[in-house]
Amino acid sequence: MLRRNEKVELIKKVPLFAGCSKGELEEIAHIADEIDLREGKEMTQQGSRGREFFVLLEGAAEVSRKGRKVNTLGPGDFFGEIALVSHAPRTATVVATSPVRALVITDRSFRRLLDDQPEFQRKVLVELAERLAPDHL
């Protein structure tokens, strides 16, 4: 099991949380659960509604779009952060290619945190807008 400060260190690397204070990162770490997944487990499915965000702690996963491999993820990599704040469909399928240990944050827990802390919500929305803005703006 990760200690809370180890969770904070992993979470602060996520661009969506770049503007967050240490206290806000600790709040996110508090709602992040550690899970173990078997090799072959589909973590996300392209086109489906996202309900969670993952940070890989151990293991590897393959990212594919329209059935074609586009990336391999390993420890420290993350995906699904847009699902925390948007109802947009998943843009890729992610499958564990080995046993995986990951941090997972559900959209329900994250939205509760946003509702309870308006300043935190503002910071996340600013980061999200910057991520989604076209490069020329």
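Computed from a predicted structure; not experimentally measured. (Residues numbered from 1 in each chain as written. Predicted model: local features only at pLDDT ≥ 70, side-chain atom pairs only at ≥ 80, totals over all residues. Heavy atoms only, no water.)

Caption draft 1: Representation of helix H3 (residues 107-116) in the model. Residues Asp107, Ser109, Phe110, Leu113 and Leu114 constitute the buried set of H3. What you see down the axis of H3 is that its buried residues fit within an arc of 165°, all on one side. Counted as exposed and oriented over 90 degrees from the buried face of H3: Arg108, Asp115 and Asp116. Residues of H3 that are buried make contact with helix H2 (22-31), strand S3 (52-58), strand S8 (100-106) and helix H4 (118-132). (Buried < 20%, exposed > 50% of the residue type's maximum accessible area, 1.4 Å probe, protein only. Helix = DSSP H or I, 4+ residues; strand = E, 2+ residues; numbered from the N terminus. Arc of directions from axis to C-beta. Contact = heavy atoms within 4.5 Å.)

Caption draft 2: Spatial organisation of the pattern of salt bridges. According to the stated counting rule, one finds nine salt bridges in the structure shown. The shortest N-O distance in the salt bridge between lysine 12 and glutamate 9 comes to 3.4 Å. Owing to a relative accessible area of 42%, lysine 12 belongs among the partly exposed residues under this scheme. For glutamate 9, a relative accessible area of 41% puts it in the partly exposed group. Linked by salt bridges that have partners in common, Glu34, Glu58 and Arg101 make up one network. (Salt bridge = Lys/Arg side-chain N within 4 Å of Asp/Glu carboxyl O.)

Caption draft 3: Spatial organisation of the nonpolar core. Judged by nonpolar contacts, the single largest core of 25 residues is most densely connected at Ile11, Phe17, Ile28, Leu103, Ile105, Phe110 and Phe120. Where this core is concerned, the elements lending two or more residues are helix H1 (4-11), H2, S3, S8, H3 and H4. At four residues, the largest contribution of residues to this core is made by H2. With residues up to four places along the chain from it excluded, the contact list for phenylalanine 110 reads Phe17, Ile31, Leu84, Val85, Ile105, Phe120 and Val124. Within the second largest apolar cluster, 14 residues are counted, among which are Leu37, Phe54, Ala61 and Val104. (Core = buried A, V, L, I, M, F, W, Y, C linked by side-chain atoms within 4.5 Å.)

Caption draft 4: Inspection of the sheet that holds strand S6 (residues 78-79) at higher detail. On the basis of which strands lie adjacent, the open sheet formed by four strands has the order S1-S8-S3-S6 and antiparallel pairing. Two strands in the sheet have a free side with no partner beyond their single neighbour: strand S1 (33-37) and S6. Bridge count between S3 and S6: two bridges; the pairing is antiparallel. What sits directly across from phenylalanine 54, in S6, is phenylalanine 79. Packed onto the sheet, H3 meets S3 and S8 and runs at close to 45° relative to S8. (Pairing = 2+ DSSP bridges. Axes fitted to C-alpha atoms, helices over the stretch in contact; angles between N-to-C directions.)

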